[in-house]
Structure formats: structure tokens, C-alpha cells
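The residues making up each chain are set out below.
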Amino acid sequence: MQRYIIGRLVAAIPVVITTAVIIFVIMRLLPGDPVVALTGQSDTAISPEVQDQLRRQWGLDEPLWIQFGIWLGKMATGDFGTTFVTKIPVTELIGPRLGPTLQITMMGWIMGVSVGLLIGSVSAMSPNSKKDWVLSVASLGAAAAPFFLVGILLMFVFALNLHMLPASGYTPLFQDPIKSLKSTIMPATGVALGFAAVIGRYMRSSLVEVLEQPYITTARSKGLKEATMVRRHALRNSMLPIVTILGFSLADLFAGSVITERLFAIPGMGRLLVDSVAAREYAVVQAIVFLFAFTTIAANLLVDIMYATLDPRIRLGGHSGR
Amino acid sequence: MVDRAAVAQTAPVATTVAAAPPGDSRRGLKMALRRFARRRVVLVGVVIVAAELLFALLVPFLTPYSPLKQDLFATLAPPSGAHPLGTDDLGRDILSRLGYGARISLAIGLTGSLAGRIPGAVLGLFVGYRGGWVDMLVMRFTDAVMAFPGIVLTLAIVAVLGQGTYNIIIAIAIAGWPHAARLIRGQVLQARELDYVMAIRTVGARERRILFRHILPNTVQPLLVSASFGVGGAITLESGLSFLGLGILPPTPTWGSMINVGFQYIEIAPWLVFAPAVMIFLAVLGFNLLGDGIREAFDPYLK
């Protein structure tokens, strides 16, 4: 097991570096001279001497791969640079934004997984029944609804018409847990709904397949109650394929936070990203995009390890996983 | 895995292998079409997609208003006989904007999906067949690209390239190709091990012929499915970007930017948001159902 974990860790390192390369390349695709782009001034407004000085100051006179190395090395030590105009360290800017995004993402994740597993199991236990049909149609609808649609609909119903929840703003979890939940439940649901639908559909097909296995027939013929049999014998095995999609799905949840944070005026990472794009604060954009990607890779790694603990075939060799 | 070089050496004579006669494949297609049409859910998808396309095409005949013409005496008008879906904050006709917006949103959806999936599929076909270190490198690269949330990657690209239709299509394509590459690679890996492909190889078919004649057809159906879902994904991405104010520039109407503007007036004029919202939802649903339908129609194991 230990060897397996170390192997996965080592395999993840080049992927992380590749994401950094991708971000670096995208940012260097800025049209024109970086000095011009970064200062937002035209060529003629800055004297050539000042341009050269800025280039040296930002290390832009070094070859690209050295620039990349320096940038990566700084990031590894937690230095993401400073904002262009106000010279605030990017880490200081991002720090307070982590809380809201993590809270909404985690709430969305938990809601999505639990609701998805539930509706998937209900569907699978009576396939092609009316219940199954209703749940399938609902899932199709939920999967087709973009994040902001769900968010707007929730806001319209629960905040603007029923006045049950605040339409915008965020209360930190440790300041007032109840208020905090109220301020995040709608964005989290917006993020979770489509995710739940996807998990539900996977769970349904997986459990249907498992329920056709001979050992289930054996369990049935022993006279086990259907519910007990599903709980004790079928669920664990049918959840295996679901585990594999949990890692990459975190990327989708982060994507949801970008939209819903804007919608509900929540001061999280997604909102900071959108604001930074609009303000052309590239250091902040780089940092946030990298953090999102890095977290997704880390989650994937965790999922791989979890998968191996659930399925001994993986860690004992056989095929190498993904 | 079979050593391909060895197979090629022991079978230098290219025997013509009887591929499925044309009549057969046509019958297969007909059966698939019949299965496709029998599913009611699929028909719903076809009807939705057709209706949206027709709406986009015929919008000049449905409303006399230009999507850009402002009428500052009739701002935020509720739905009425003159404006069936009301007007926006500048007095522009919502129905008209919805229709012209459909042209842009659907065009970006279709081209954005295909522009990513086709190169992705070609790459997947190539690395899946070739295998080895190229395959491993490309797969790790797709891992890295897929670690970025779709909208975050497109945001970053649009931030750099600038807003505008073509840049958004490029951004969507860049976010979309890894999905197709992985999917098609997986299909190729499976198809290579199929009994009949082994059989053809044993009788000495050339590698290129095996790839194009016998493996490629196996990848068409999943690619169609993926492209269909991709259209929905691309429409979602574009409308998300436009909703954030970072997509198509105003005054060009797109569904996402209409929601962005309408959101400020949601309490007094909710139709500004809900009209385009319904269009986006239906478009994504329609293409998803279409994708589902294609998958089931071509799956010989389903009824």
C-alpha cells in the first residue's frame, strides 16, 4: 500500500508541473510586449530606458525557461507575486477568499454525493418503474441546467419571493454557523444539483449491474430482506465506479463556484478570479487558476488512494489504474 | 498486447479482407435510425434542437424589431401584444434578441464543440493506436488540462486573447479536446483487441487498413455522442462567460449576456432573465437527449 501511495504521488508531480507550464504559456500569449500589456500603457508612453528597467525588474530579460523556473520556484515557496497596481502580495489577497469557496464547494460536494447516491439507489432498486422514470427525467433536467440557472431560480424563489434566505453576502462559518449556512445553502445547491444528477445516473447503472451478479442471487435466495441485501452486499461494490469520478468532479464544483459566487455576491476565490480578469491582474489570475488545478489533482490523488483501499485488486498490481 | 511489428513481418502479403458489404452497413444504419426514432425521449431532444434552430433562422419573420433597436420610451415593458416577451432596460425587443442571440449561442455551441472534439479525436486515434511513450505523454497532458475547471480555463484564455466570438470558440475548443482524445483513445484500445480485428491482422491486413477501415468506424459513434454533449457544454460555457460579462461584447445579443443585464432587474422585470434562461436550458437539454439517443441507437446490446 505504501509503495502504491508513493507511486501515485510521484506520478502526480509531472501533472502539476504541466499545469504550471500551461498557465505560464497562456499568460505569455498576451498579445504584444509584456511590458506594454502589464503596464497598460502604449509603447510610446514609456521611454525605452524605463521599459528596459521594468524588463530587468520583472526578470523578462531572462530566457523563457529560466523565467518559468523562477516562477515555479517562487510558487513552491508560497510566493505568488504581488498585484500590479496596489502591490499587495497575492497570497494576502487570496487567503481570506479560501474560506467561502471551500465551504460552498464542500457543502455542494457532500449534498451532490449523498443525494446522487440516494436517487441512484432508489432508481436501481426498481428499474423501469414509475419512480425510476420520474427520477431519470428529473436528473436529465438537472444535468442540463447550468449553475447560474439553478442559482437564479433559487434566489428568485427563496430570497426574493419567500424571503427565507439572504439573496447575497456571506457570513463566516465560525462567526455564526446558522447564518453562515443560510448564506451558503443556495450557492451550494446551485453547485450540487447537476453533480447529484451525474452521480445518480452513474450509481443507477452501476447498482443495476451489481444486482444482476450471481452472489446477489445467492444473498436473495438465503432469504435476506431486499433492503438488507442491498445495504450489506450490493452498495459497496456498486460505489466503486462512482469513486473514480469524484476527483475530476471537483473541477466542476470549482467551476460552479466561479459562477455562483458572482451571483450571490460571495467574496470567494471565484469572484476574485472574475474581478482579476476584468482588472487584468494577471498575477492573481495565475495564482487562482493554478490553485484550482492543483486542488483538483490533489483530490484525484486522494481518490486514487481511496479507490485502492476499497479495491485490493488495484493496489496489488494488475492494471495501473488511470 | 500484440507486438505489431512482428505481426506485420510475418504477414507481408496484403490480403484483401472482406469488409462488411455496403448493403450490410446500410441496413445497420437503417436499424440504428429506427431504434433512434422509436425512443420518445430522443424525439423530444430532436424536436427541441430543431425548434431552437428554426427559431434562430426564422426570427426575422417572427418579430419586426431589430435586436439592437432601442426604444427608450418602452423600457422594461412586460410581455404584451407589441412585444410578446417584453423589452429590456434599453427598450429592445426580447423576442428579437432571443432569436438573434440563438444564432450566436448555437453557432458557438456547434463550432466550439467540433473545434475541440475533432482534433482531440484525431489525436486520440493516433496515440491509442501507436501506444508507447507518446500515448503516455499525451494522456498525462490531458490529465493536466482536465485539472482546470472548464470555465476557469476559458476565463484565463479569454483574459489573454481578449473577448470576442472567435476567441471564445478557441477557448472552448482548448478546454474540450482532452475529453475527445481520452474517449477515442479508449475506444481504439478496446477495438484493437476485438476478435475480428485480431482475425484480420492474422490474415495479413495492412496496419493502415486495419486502422482506417476497421478501428476508425468503431470510434464514430462515441465521437458523435461526445460532440452532441459537447454542444451543450459549449453553450453552457459561452453563456457562463457572457453572464460574467467576459464573453461576447455588448450590444451583440447572446443568452448569457441577456441574463447578465437582466439580473440587475430581476425584482422588477424577471422575464429579462427567465426568457434566455429557458432557451439555454432547452438547448443544453436538447443536445444532451440527442447524445443519449445516438448512444442508445447504435448500441447493439440495447434491445
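Residues numbered from 1 in each chain as written. Chains lettered and ligands numbered in written order. Predicted model: local features only at pLDDT ≥ 70, side-chain atom pairs only at ≥ 80, totals over all residues.

1. Examining the overall build of chain A
Summing up its helical and strand segments, chain A has 13 helices and zero strands in all. Ordered by position from the N terminus, the helices and strands of chain A form the series α-α-α-α-α-α-α-α-α-α-α-α-α. Based on the C-alpha atoms only, the size of chain A along its principal axes is roughly 85 × 55 × 35 Å. Restricting to contacts in chain A with at least 6 residues of sequence separation, those with at least 24 account for 72%. (Helix = DSSP H or I, 4+ residues; strand = E, 2+ residues; numbered from the N terminus. Contact = placed C-beta atoms within 7 Å.)

2. Structural notes on the overall build of chain B
Across its full length, chain B holds 11 helices and zero strands. Counted from the first residue to the last, chain B has its helices and strands arranged as α-α-α-α-α-α-α-α-α-α-α. Looking at the 303 residues of chain B, the share that counts as buried comes to 49%. Put simply, 72% of the contacts in chain B that link residues at least 6 apart link residues at least 24 apart. (Buried ≥ 20, exposed ≤ 12 C-beta atoms within 10 Å, placed from the backbone.)

3. What to know about the interface of chain A and chain B
Many descriptions give the size of an interface as the accessible area lost when the pieces come together. Contacts between chain A and chain B engage 38 residues on the former and 35 residues on the latter. Only helix H1 (2-28), helix H6 (130-144), helix H7 (147-161), helix H10 (226-263), helix H11 (269-279) and helix H12 (282-310) of chain A provide two or more residues apiece to the side of chain A that touches chain B. The leading source of residues in the side of chain A that touches chain B is H10 of chain A, at eight residues. Residue composition of the side of chain A that touches chain B, by class: 32 nonpolar, four polar and two charged. (Nonpolar A, V, L, I, M, F, W, Y, C, P; charged D, E, K, R; others polar.)

4. Quick look at the nonpolar core
Core analysis: the largest hydrophobic core is formed by 147 residues, its most contacted members being Leu273 and Val289 of chain A together with Val152, Leu155 and Ala156 of chain B. When near neighbours in sequence (up to four residues on either side) are disregarded, Val152 of chain B contacts Phe254, Ala255, Val258, Leu273, Val289 and Phe292 of chain A. (Core = buried A, V, L, I, M, F, W, Y, C linked by C-beta atoms within 7 Å.)

5. So, the environment of Val258 of chain A
Following the sequence through the fold, Val258 of chain A ends up in helix H10. Taking the number of C-beta atoms within 10 Å as the measure of exposure, Val258 of chain A has 27 and is therefore buried.

6. A closer look at helix H5 (residues 90-125) of chain A
Helix length check: H5 of chain A (36 residues) gives 51 Å between terminal C-alpha atoms against 52 Å at 1.5 Å per residue, within 8%. The largest bend along H5 of chain A reaches roughly 35 degrees and is located at Arg97 of chain A, with the proline Pro100 of chain A sitting one to four residues downstream. (Expected span 1.5 Å × (residues − 1). Bend = angle between axes of the 7 residues up to and from the residue.)

7. Topic: unusual backbone geometry
The backbone of Ala265 of chain A sits at a positive phi, close to 50 degrees, despite the residue not being glycine. Topologically, Ala265 of chain A is positioned in the loop between H10 and H11.

8. Observations regarding the confidence of the model for chain A
Mean pLDDT over chain A works out to 81, with 91% of the residues at or above the 70 mark. Across chain A, the element-wise mean pLDDT spans from 61 in helix H2 (residues 34-39) of chain A up to 88 in H5 of chain A. (pLDDT = per-residue confidence, 0-100.)

9. Focus: helix H7 (residues 165-192) of chain B
All names here are of chain B. Its 28 residues give H7 an end-to-end C-alpha distance of 40 Å, which sits within 8% of 40 Å, the value for a rise of 1.5 Å per residue. Where H7 bends most, the angle comes to about 35 degrees, and this point is Gly176, followed within four residues by the proline Pro178. Counting buried residues along H7, 21 of its 28 residues qualify, which places the element largely inside the surrounding structure.

10. Some details on the environment of Glu296 of chain B
Residue position: Glu296 of chain B is located in helix H11 (residues 271-298). In the structure, Glu296 of chain B is positioned 254 residues away from Val42 of chain B in sequence and 9.5 Å away in space, judged by C-alpha atoms.

11. Overview of the confidence of the model for chain B
Per-residue confidence for chain B gives a mean pLDDT of 79; residues scoring 70 or more make up 81%. On the interface metric, ipTM, the complex scores 0.82, and its pTM is 0.83.

12. Some details on the environment of Ser183 of chain A
Along the chain, Ser183 of chain A turns up in helix H8 (residues 177-211). Those residues in contact with Ser183 of chain A that sit more than four places away from it in its chain are Pro166, Gly169, Tyr170 and Thr171 of chain A.

13. Some remarks on the packing of helix H4 (residues 94-130) of chain B against H7 of chain B
In the contact formed by H4 of chain B and H7 of chain B, the axes pass within 5 Å of each other and the chain directions differ by 35 degrees. Both H4 of chain B and H7 of chain B take part in a crossing whose hand is right-handed. (Axes fitted to C-alpha atoms, helices over the stretch in contact; angles between N-to-C directions. Left-handed = near helix turned anticlockwise from the far one by under 90°.)

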